[in-house]
Amino acid sequence: MYGFEALTFNVHAGYLEAIVRGHRAGLLTAADYNNLCQCETLDDIKMHLSATEYGPYLQNEPSPLHTTTIVEKCTLKLVEDYKHMLCQATEPLSTFLEYITYGHMIDNVVLIVTGTLHERDVQELLEKCHPLGMFDSIATLAVAQNMRELYRLVLVDTPLAPYFSECITSEDLDDMNIEIMRNTLYKAYLEDFYRFCQKLGGATAEIMSDLLSFEADRRAVNISINSIGTELTRDDRKKLYSNFGLLHPYGHEELAVCEDIDQVRGVMEKYPPYQSIFSKLSYGESQMLDKAFYEEEVKRLCLAFEQQFHYGVFFAYMRLREQEIRNLMWISECVAQNQKSRVHDSVVFIF
Amino acid sequence: MDNLPPMDLMRSEKMSFVQLIIPVESAHRAVSYLGELGLLQFRDLNADKSPFQRMFVNQVKRCAEMSRKLRFFKDQISKAGLLSSVRPVTQPDVELEELEIQLAEHENELIEMNANSEKLRQSYNELLEFKIVLQKAGSFLVSSGTHAVSERELDENVYSNDDYVDTASLLEQEMRPGISGQSGLRFISGIISKSKVLRFERMLFRAMRGNMLFNQAPADEEIMDPISSEMVEKTVFVVFFSGEQAKSKILKICEAFGASFYPVPEDITKQRQITREVSSRLDELEVTLDAGIRHRNKALASIGVHLVKWISMVRREKAVYDTLSMLNFDVTKKCLVGEGWCPIFAKAQLQAALQRATFDSNSQVGIIYHVMDAAESPPTYFRTNKFTNAFQEIVDAYGVARYQESNPSVYTVITFPFLFAVMFGDWGHGICLLLGALVLIARESKLGTQKLGSFMEMLYGGRYVLLLMSLFSIYCGLIYNEFFSVPYHIFGLSAYKCRDTTCSEAKTTGLVKYQDPYAFGVDPSWRGSRSELPFLNSLKMKMSILLGVAQMNMGIILSYFNARFFGSSLDIRYQFVPQIIFLNSLFGYLSLLIIIKWCTGSQADLYHVMIYMFLSPTEDLGENQLFWGQRPLQIILLLLAMIAVPWMLFPKPFILKRLHTERFQGRTYGILATSETDLEVEPDSARHYDEDFNFSEVFVHQMIHSIEFVLGAVSNTASYLRLWALSLAHSELSTVFYEKVLLLAWGYDNLVIRLVGLAMFAFATAFILLMMETLSAFLHALRLHWVEFQNKFYHGDGYKFRPFSFATLTEDED
């Protein structure tokens, strides 16, 4: 029904779209970041944030602040925004909103499993989990010894269960396996999300396919770079790439055989949208790649707001807020550790 | 005119732009005195700086920190269920620094006490849970036979962090059974919050592959969660299982679900003994807990005595520092420079306050105070009282008056309630409104202090408007002779009587007039007569036009006073004069005709007169002639109206253009030179007057204005007919409710029907007539003022005077 969203979209999602656009207006601007970057102490940051939408969340924090508190409270704001939207949402928007959190769920599962592997305290691990990716029995993850148990005990109740079917082996959990599990899960998740968006059709499908393809491609690049020099075989590496995106399928063939970062670069430069990202980097450098990708992502997410009557804005808003919280964390860390010269290294301005 | 005493509301206060140069040592005191006075609006001189680059950022931060602590206290006090007292506090003023220290002490004390009581509460909870588990699990064990052996090793972790209960004695009494070999069956008993039971059981089942037995029973008592202090329902469970590996798994799952486990001896005597001991410990703990809470409440109460005062003090301090941050800091001169607006009448008070500040802070140097020129227009400030305030608000809601512009709210005080009453004329309803307004006014002082809902707030704010509205509607109701739509013979007898004694023709043929007209208002005999509606309609319609023309004339006359005040003879000659001629030659003439018709009782058709005045002005009027010389007068008026239109359209823009060219003739070189120097001296673009003159823009503007006026004269006059329409609707509605509900019900000789009818009548009167109709009449009166009246003269593009004042600081500013 492409082109007819305007007729019916507002019946169910109009209110929420208005809400989310209102939230977007509350995102910090470049002027805010400039001011934040000039802060001398964390209290200054708190004072500046008190004039923004984070104000009510930070105002009752006692004075020697920590970076973690700031990040925690800012995340709380995001979570409350999300929960409010989820409560108001009807199908299929509510499913769409739930899809957004699955990524965090995967991260949390991996975090806890890795943590238990290294015999960390479960409570401590739970505190580190992203609140958006929490599910009921997450603490029980610590009980599981191998992937089969993990699936049978805990994950079968979660929305992640179908993704897991692809990676069940009875192998014991070790770091390598967990990382492979994370990427397999992510692959399955992205593909599922992509299919779901395609099913929704219209502007949602169009915009989300762009955003998700970018995500898939970025993951493919990261997997390739990270697996250079490990015992992962080419075929295994290729299995971790999602089956859609701009790089699919020829780019994946080429990425799978890359042996060093310059080869990856060579592959990526064949694709015009990614040319600009890699042209910013000097040869052999991969440090700034993350930032370059984030910048590109933010640009694309902002563009999602240019169209009306689609669900992409919700995804974009959540991602932008997360980026903003990453920025705040970086700035706060720099301020707290007196490394203000490095403030601009990782901050991605949103507007 | 100039000899009259000054009237505050006619025009806004004269303002002056002042600069203060305050030595640093007296700055804080000076600003707080000014805040008490509340008559100076500071200009933000540091608008380009971010909050933490300002001078007094540290103090602002400290205030924010203190208000956070105060919020914490307030929160704690309300959690403890204490009421923060509103008693006047006798404690002398404390310094901010002292207060800061006090607050920090109190906070630490409170946090410590909270931590203690939380710890106590936790151990209390554990014991309570243990007791419940003992009671419940004991019954399972008895029923499940004697095979089970409880897990004994667990209790060490349970009590390890418990300082208040000496667990050793409990432990000693427990026998250490080892692993009883009979069947290898063991159990773990514990407690878990009710919401998690189902998932817990499922997880256990999955983890053990079904090789376990799960028993549960709801706990009788609810247990308080120490963090959220909410009561939580819990469920006691007992899991039977076998094998060492299973045990570690179950323990892990328990941990993950936040279930706590307690050992239960299977021996009944032992159970009883432990239960007894636990109960006695519980009692002890309860006493300690209560004492702790009492102690804490006492501390909170002592804080609560000062809390209100502290909060307002911190709020004031924060406001003072915020204001100080708006001043410029001159490092070399050790002084602060502030700029702002103040009303001229307040100069003496201001200077006195500043002097007092200098004196009180023992400063060597006085505060320098001088008046400056400002490029921007001054703010608008009306000194209102509680009576005029609501009317001023009505006008301000449309737009704040331009500086020194004539203020419509002076006239609104009377015209607004009057126009409302014309639409709401019923003295019965008026009395109801009056009672409501009187209640609000009588309880004014009480209502003023408490927080009201938005609707009550609105009613309370408009209580004097409501009072005048009700008084005028009683007056208009007497004129219309309606009391809940029933006419009364208040002012003597009716002028009409029946033709014969049976009065059978009263509703058909009509009545005969036999004496002088009814003394005041509408004759009650019109009621129910055949010609009631035509008569009332004609009366109300004509009255509406008269009122409308009068009010519009008033508006135009005010534009004359505005023009005279601002010394603009151009506006008088080319705007005011043609406007008043145009309006009066058409609608003023109509009003004249109406009055003549009323006075003479002529049968002339006014529609016909007005229409043919345009269509064929020279034609003979015939039977519609009202007075001698009407035809030539009409022709003259028509000509005047036709002249007035180009008169208000063309001359003004051309004259403005001529004036502009004259002013700058031969000065082109001069201007360039000065503008360059100006730029160097004053880069501030706000102070640079814009002298551009765009003729086409001015002309288009004037054209729009003229067209609006000419069309508006017609449409606005028509708009005043809403007075008639609303009043008609009101009287018809109340007639319907009276006749079709009350009288109909009264016709039955049945108490129930009568009561129902009475209830429906009361309901309809209260909600439809008193509330809805009031609202609609209010809105229409509002529109008549905003649009029809004010667009004749009111610019409404000023901005309000917002002085720095402690009185306006409210709670939600935190």
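Predicted model, so just to flag it, every value in this text is computed and none were measured.

Describing the overall build of chain A
Along chain A, the regular secondary structure elements total 18 helices and zero strands. Expected size for 351 residues packed as a compact globule is a radius of gyration near 20 Å; at 21 Å, chain A falls within 12% of this value. Every one of the 351 residues in chain A was classed for burial, and the buried ones make up 55%. Accessible area for chain A stands at about 15,500 Å²; split by element, carbon and sulfur atoms hold 51% of it. Of the side-chain charges in chain A, 31 are positive and 52 negative, and the distance between the mean point of each set is 3 Å.

As for the overall build of chain B
On a plain count of helices and strands, chain B comes out with 24 helices and 14 strands. Buried residues in chain B amount to 45% of all 814 residues. Considering only intrachain contacts with a sequence separation of at least 6, the fraction spanning at least 24 residues in chain B is 82%. Element-wise, carbon and sulfur atoms account for 60% of the exposed surface of chain B, whose accessible area totals about 42,800 Å².

What about a nonpolar patch on the surface?
Residue and element names in this part refer to chain B. Where nonpolar side chains cluster on the molecular surface, the patch consists of Phe-455, Met-458, Phe-763, Phe-767, Ile-768, Met-771 and Met-772 and spans about 750 Å² of accessible area. Breaking the nonpolar patch down by element, the ones donating at least two residues are helix 14 (454-461) and helix 24 (751-789). Its location among the elements puts Met-771 in helix 24. Classification of Met-771 as partly exposed rests on a relative accessible area of 43%.

Considerations on the environment of Gly-521 of chain B
Residues and elements named next belong to chain B. Checked against the element boundaries, Gly-521 lands in the loop between strand 14 (512-513) and helix 16 (532-565). Between the alpha carbons of Gly-521 and Lys-740 there is a distance of 26 Å; along the sequence they are 219 residues apart. In contact with Gly-521, other than residues within four places in its own chain, are Leu-478 and Ile-479.

Quick look at the interface of chain A and chain B
On the chain B side, the residues contacting the 26 residues of chain A number 20 residues. Summed over both partners, the interface of chain A with chain B buries about 2,100 Å², with 55% contributed by carbon and sulfur atoms. At the surface where chain A touches chain B, the tally comes to one salt bridge. For Asp-44 of chain A, the salt bridge is made with Lys-61 of chain B, and the minimal N-O distance between the two is 2.5 Å. For the pair chain A and chain B, the number of links is four residue pairs in polar contact (both at pLDDT 80 or more).

Section: the pattern of salt bridges
Residues and elements named next belong to chain B. The tally for this structure, following the rule as stated, stands at 45 salt bridges over all chains. Linking Asp-396 and Lys-800 is a salt bridge whose minimum nitrogen-to-oxygen distance equals 3.4 Å. Note that Asp-396 is positioned in helix 10 (residues 386-398) and Lys-800 in the segment after helix 24, a separation of 404 residues in sequence. Put simply, Glu-788 and Arg-783 hold a salt bridge, and the shortest N to O gap is 2.7 Å.

Some thoughts on the side chain of Gln-575 of chain B
Residue and element names in this part refer to chain B. You can see Gln-575 is positioned in helix 17 (residues 569-600). Assessed through its relative accessible area of 15%, Gln-575 is described here as buried. A polar contact is formed between the side chain of Gln-575 and the side chain of Lys-652, at a distance of 3.3 Å.

As for the UniProt feature "transmembrane region" (unreviewed entry) in chain B
Residue and element names in this part refer to chain B. UniProt annotation of "transmembrane region" (unreviewed entry) refers to residues 416-441, 462-480, 543-563, 575-596, 633-650 and 751-772 when read in the numbering used here. In the segment residues 416-441, helix accounts for 88% and strand for 0%; the C-alpha atoms at its two ends are 19 Å apart. Here residues 462-480 runs as 95% helix and 0% strand, with 26 Å between its end C-alpha atoms.

A closer look at the nonpolar core
By size, the foremost hydrophobic cluster in this structure holds 120 residues, and its most contacted members are Leu-49, Phe-96, Phe-193 and Phe-314 of chain A. For Phe-314 of chain A, the residues in contact, after removing those within four places along its chain, are Leu-16, Glu-17, Val-20, Met-85, Leu-93, Phe-96, Leu-97 and Ile-100 of chain A.

Brief notes about the side chain of Asp-32 of chain A
All names here are of chain A. Position of Asp-32 among the secondary structure elements: in helix 2 (residues 30-37). Arg-321 provides the closest opposite charge to the buried, salt-bridge-free Asp-32, at an N-O distance of 9.0 Å. Here the side chain of Asp-32 touches His-48 through a polar contact of 3.2 Å, side chain to side chain.

As for helix 6 (residues 93-117) of chain A
Residue and element names in this part refer to chain A. Here helix 6 is 25 residues long and its end C-alpha atoms lie 37 Å apart, about the 36 Å a rise of 1.5 Å per residue gives. If you look at helix 6, its biggest bend is around 30 degrees, right at Thr-101. The element helix 6 is extensively covered by neighbouring structure, given that 19 of its 25 residues are classed as buried. With its phi angle positive at about 60 degrees, Glu-119 sits one or two positions after the end of helix 6.

Digging into helix 17 (residues 312-336) of chain A
Residues and elements named next belong to chain A. With 25 residues, helix 17 extends 36 Å from end C-alpha to end C-alpha; this agrees with the ideal 36 Å at 1.5 Å per step. Among the 25 residues of helix 17, 20 are classified as buried, and the element is accordingly described as predominantly covered. Two residues or fewer past helix 17, Asn-338 is found with a positive phi of approximately 55 degrees.

What to know about a negative patch on the surface
Taken together, the side chains of Glu-72, Asp-121 and Glu-127 of chain A together with Glu-255 of chain B make up a negatively charged region of the molecular surface. Within the secondary structure, Glu-255 of chain B sits in helix 7 (residues 244-257).

Digging into unusual backbone geometry
Negative phi characterises most residues that are not glycine, and trans characterises most peptide bonds. The omega angle of the peptide bond from Glu-91 of chain A to Pro-92 of chain A is -5 degrees, so this bond is cis rather than trans. Positive phi outside glycine occurs at Phe-309 of chain A, with the angle close to 60 degrees. Positioned with a positive phi, Phe-484 of chain B is a non-glycine residue whose angle comes to about 50 degrees. Relative to the helices and strands, Phe-484 of chain B is located in the loop between helix 15 (463-480) and strand 13 (496-497). Owing to a relative accessible area of 18%, Phe-484 of chain B belongs among the buried residues under this scheme.

Reading the values: rules and limits
- Residues numbered from 1 in each chain as written.
- Chains lettered and ligands numbered in written order.
- Predicted model: local features only at pLDDT ≥ 70, side-chain atom pairs only at ≥ 80, totals over all residues.
- Heavy atoms only, no water.
- Helix = DSSP H or I, 4+ residues; strand = E, 2+ residues; numbered from the N terminus.
- Rg over C-alpha atoms; globule rule 2.2 N^0.38 Å.
- Buried < 20%, exposed > 50% of the residue type's maximum accessible area, 1.4 Å probe, protein only.
- Areas by Shrake-Rupley, 256 points an atom, 1.4 Å probe, with all protein chains shown as cover.
- Lys, Arg positive; Asp, Glu negative; His and termini not counted.
- Charge placed at Lys NZ, Arg CZ, Asp CG, Glu CD.
- Contact = heavy atoms within 4.5 Å.
- Patch = residues over 30% accessible without salt bridge, like charges linked within 9 Å, V, L, I, M, F, W, Y side chains within 5 Å.
- Salt bridge = Lys/Arg side-chain N within 4 Å of Asp/Glu carboxyl O.
- Buried area = accessible area lost by both parts, 1.4 Å probe.
- Polar contact = N/O pair within 3.5 Å; in protein donor to acceptor, adjacent residues only side chain to side chain.
- UniProt positions renumbered as here; feature names shortened; annotations may be inferred.
- Core = buried A, V, L, I, M, F, W, Y, C linked by side-chain atoms within 4.5 Å.
- Expected span 1.5 Å × (residues − 1).
- Bend = angle between axes of the 7 residues up to and from the residue.

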